[in-house]
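Listed here are the chains, written in short residue letters.
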Amino acid sequence: MKYEISAEDRKILRETAKKQMDFACQERNKILKEKWYLHNALRGETPMVVLESWGFNDEVITPRLKCTGEFARKTEFELYQNFVNQELFDDDRVTPDRFEMGYHTEFKLYDLDMHKEFATGREEEDTSGVSMRFLPVIEDLEDDFHKIKPSRFSVDIEGTEQEFQLLTDTFGDILPVKMKMDCLYSVPTQLIIHLMGMENMMLNLAQYPDLFKKLMDQAADDTLAYYDMLEENHLILPTTEYESVGQGTFAFNHELPDTPTVDGRYLTRRDVWGYMDSQETLSISPKMFEEIIFPCYEKIGSQFGLLSYGCCEPVDRVWDNCISKFKNLRKVSISPWCNEEFMGERLRGSSIIYHRKPAATFLGVSGRDLDEEAFRKYIRRSLTAARGCKMEITQRDIYTIDNNVQKARRYIQIIREEIENNWK
């Protein structure tokens, strides 16, 4: 992508940057920021609520875009993404008072390219919501193990600096441009699925458990080598404010260092948030997860300053013998397939936030009106299960709201009403 912005696109971006700054300066936004700090410090009084819009941004952001240049249009999209929640949904996402961008880094597991095929037959964007499958690069692990090479990783400093300077020149006087790093995001089994496909991964786990364990061990070592590279190049940046911690939550905290150096040294992986999940392994036995998968995850995840864990997998199945072993765990995903009551019992009174991910079927099914009574009953059960815990609710995996912003807004309002009436 060329880093260039036309005069007309520059004008559009400056207007959009001003909109973001206006939202960021609202008193409500400042109050929300402080609530997040309290929440992540386990001192919040009520659950935080976030609606992730990435799956339906084609309904709420794309129609607004005016820029014509490729890079300008991408930037305009990112600007809107920073404040669309505050503008449209009235959830608890905070609008940043800056435009944040990260270093251009790459991590290619085993130095293998991923190949995917979409149902449409076209090359789609990852967020399009179109079904796809991964075309196996590794099929039979015993036959194909020779393909496994050291993972490749790199950083494009020059390209990063070009983008930073262009954005600063375009609207930095209105909305400061800052370098940032979101949480260190590590999902080894997802990357392996991208190279094997689900069926092949399950077959290889059953047929070659020792080889698969070797594969996982290398994934852990290569990931830590990648973090070494980031540290050596001073690319580990603070995760204490607006930074994403994966899965619709944010970094706000005063426990981790908030400057790039501390006590005369640059930050390391132990100074920042990390995120991990292994939703691809929900079909294997807890014992197999413990023996083959978890050692890799424990080796990586134990090194972060704070950890958020889990996506769609039911963590209750592997909680006692695996996930609970993380001493730095601050948030754990309670997915629609998780035993809510079991996890409520385990987390009650602990220092781990009960991060509830409601089922997408109430809001995200096209052509269906919002069944308010059914949804109230559903959310009420979650609130009851989480009593005595610190709780957070993130609605994910919504791919359409039928272009009905009021439906999504009402959805958030119902959650707030149920919290008001039922949270103790």
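The preceding data block contains the structure.
Residues numbered from 1 in each chain as written. Predicted model: local features only at pLDDT ≥ 70, side-chain atom pairs only at ≥ 80, totals over all residues. Heavy atoms only, no water.

Quick look at the pairing of strand β13 (residues 329-334)
Walk down a regular strand and you will see the side chains alternate between the two sheet faces. A large share of β13 lies buried, amounting to 6 of its 6 residues. Pairing of strand β12 (residues 306-309) with β13 involves 3 bridges; the strand directions are parallel. Paired with Y309 across the strands is V332, a residue of β13. Summarising the sheet, β13 and strand β14 (residues 353-356) pair through 4 bridges and their orientation is parallel. Opposite V332, over in β14, you have Y354 as the bridge partner. Each parallel crossover has a hand, and the one from β13 via helix α11 (residues 340-347) to β14 is right-handed. (Buried < 20%, exposed > 50% of the residue type's maximum accessible area, 1.4 Å probe, protein only. Helix = DSSP H or I, 4+ residues; strand = E, 2+ residues; numbered from the N terminus. Pairing = 2+ DSSP bridges. Right-handed = clockwise from strand over helix to strand, strands pointing away.)

Some points on the side chain of R376
Tracing the backbone shows R376 in helix α12 (residues 372-385). According to the relative accessible area criterion, R376 is buried, its value standing at 11%. Beyond its immediate sequence surroundings of up to four residues, R376 is in contact with R410, I414, E417 and E418. (Contact = heavy atoms within 4.5 Å.)

Looking at the layout of surface pockets
By volume, the second largest pocket is sized at about 160 Å³. Lining the second largest pocket are 13 residues; nearest its centre among them are R98, M179, P238, E241 and E243. Residue classes in the lining of the second largest pocket are distributed as 4 nonpolar, 2 polar and 7 charged. (1 Å grid on protein atoms, 1.4 Å probe; cavity = no way out; pocket = protein on both sides within 12 Å on 5 of 7 lines; lining within 4 Å. Points joined across faces, edges and corners; volume = space filled by probe spheres on them. Nonpolar A, V, L, I, M, F, W, Y, C, P; charged D, E, K, R; others polar.)

Structural notes on the sheet that holds β13
An order of β1-β15-β14-β13-β12-β11-β8 is seen for the 7 strands of this open sheet, with the pairing classed as parallel. Pairing within the sheet leaves two strands with one partner each, and these edge strands are β1 (48-51) and β8 (184-186). Geometrically, the sheet is characterised by an average inter-axis angle of 20° between neighbouring strands, direction not taken into account. When strand β11 (residues 273-276) meets β12, the two strands line up parallel, connected through 4 bridges. Following the sheet pairing, W273 is matched in β12 by L306. (Axes fitted to C-alpha atoms, helices over the stretch in contact; angles between N-to-C directions.)

Things to note about empty space enclosed by the protein
Evaluated as defined, the whole model comprises 2 cavities of 30 Å³ or more. Lining the largest cavity are S278, T281, L282, I284, F289, Y309, E313, P314, R317 and V318. Tallied by class, residues from the lining of the largest cavity come to 6 nonpolar, 2 polar and 2 charged. Approximately 30 Å³ is the volume found for the second largest cavity.

Overview of the pattern of salt bridges
Applying the stated rule across the entire model yields 35 salt bridges. Between R269 and D228 there is a salt bridge; the shortest N-O distance is 2.2 Å. Taken together, the residues R269 in the loop between β10 (265-266) and β11 and D228 in helix α9 (residues 209-232) connect sequence positions 41 residues apart. Here E341 ties to R381 by a salt bridge, and the two come within 2.9 Å at their closest N and O atoms. With E341 in helix α11 and R381 in helix α12, this pair connects stretches of sequence that are 40 residues apart. Given the relative accessible area of 30%, E341 is considered partly exposed. Overlapping salt bridges bring together E372, R376, R380, R410, E417 and E418 as one network. (Salt bridge = Lys/Arg side-chain N within 4 Å of Asp/Glu carboxyl O.)

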